[in-house]
There are 2 protein chains.
Amino acid sequence: MKRFGQVIGIKPEHVEEYTRLHADVWPGVLAKIHECNMRNYSIFRYHDMLFAYFEYIGDDYEGDMAKIAADETTQAWWAVCGPMQNPVEDRAEGEWWKTIEQVFHTD
Amino acid sequence: MKRFGQVIGIKPEHVEEYTRLHADVWPGVLAKIHECNMRNYSIFRYHDMLFAYFEYIGDDYEGDMAKIAADETTQAWWAVCGPMQNPVEDRAEGEWWKTIEQVFHTD
């Protein structure tokens, strides 16, 4: 299992709507996340920054992420949520959320 | 169980040392964290911000946090790490790391 931390910006005028949407994410989006081996996935907010934490239990992260990106329901969900977000400038090519460095872990 | 997200600043000149220290945290610090019901605790860094994620499995969060704060080894650890950090201005009274809002979770 590999732990991921990620960041993305959130536009201040969309915080309320984004929070409301994420209290009740579409079942198809959640099912695809699970099918693609993401577990224990949380998103937190601090002002205009979102911080995600999840655990990846598969053995083909890029393949699974591509599978999520190819899913029609997920694409429709992203069409709703994407415009509310501000991806950080220094994200890697192909990233939307930027994966950040883990500096500590204890069980 | 309750999930926590937290943020704190890190002084750019101390990033390297902070990262090195957190690759090998003192056993007494880790033991106290565990004793006080914190689990699956990770810290990530994005530039000059640290994001923490952990799961609290006890039933007296404030009491457990007070127990950690009263621990001599932890106090010595904080004396080393604290000056490397920049707590955010809008943290709650008594906080060092600021607890932030959770907006999403899926298992």
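Residues numbered from 1 in each chain as written. Chains lettered and ligands numbered in written order. Predicted model: local features only at pLDDT ≥ 70, side-chain atom pairs only at ≥ 80, totals over all residues. Heavy atoms only, no water.

A. Just the packing of aromatic side chains, in detail. All names here are of chain A. For the coordinates displayed, the defined rule picks out 18 aromatic pairs over all chains. When the ring of F4 is compared with that of Y61, the centres are 4.3 Å apart and the planes differ by 10 degrees; the resulting orientation is stacked. Taken together, the positions of F4 in strand β1 (residues 2-10) and Y61 in helix α3 (residues 61-69) put the pair 57 residues apart, joining distant regions of the chain. Exposure remark for F4: the relative accessible area of 6% places this residue in the buried category. (Phe/Tyr/Trp six-rings, centres within 6.5 Å; stacked < 30°, edge-to-face > 60°. Helix = DSSP H or I, 4+ residues; strand = E, 2+ residues; numbered from the N terminus. Buried < 20%, exposed > 50% of the residue type's maximum accessible area, 1.4 Å probe, protein only.)

B. Fine view of the pairing of strand β5 (residues 98-106) of chain B. Strand direction decides the pairing type here: strand β2 (residues 38-46) of chain A and β5(B), joined by 5 bridges, are antiparallel. Opposite A:F44, over in β5(B), you have B:Q102 as the bridge partner. (Pairing = 2+ DSSP bridges.)

C. The relation of the copies chain A and chain B, seen in detail. Expressed as a screw transformation, the operator carrying chain A onto chain B has a rotation angle of 180 degrees and an axial translation of 0.0 Å, and the superposed copies differ by an RMSD of 0.0 Å. The transformation relating the two chain copies, once decomposed into turn and shift, fits a two-fold axis. Comparing contact sets, 100% of the residues at the interface of chain A also lie at the interface in chain B, consistent with an isologous, same-surface contact. (Least-squares fit on C-alpha atoms with pLDDT ≥ 70 in both. Contact = heavy atoms within 4.5 Å.)

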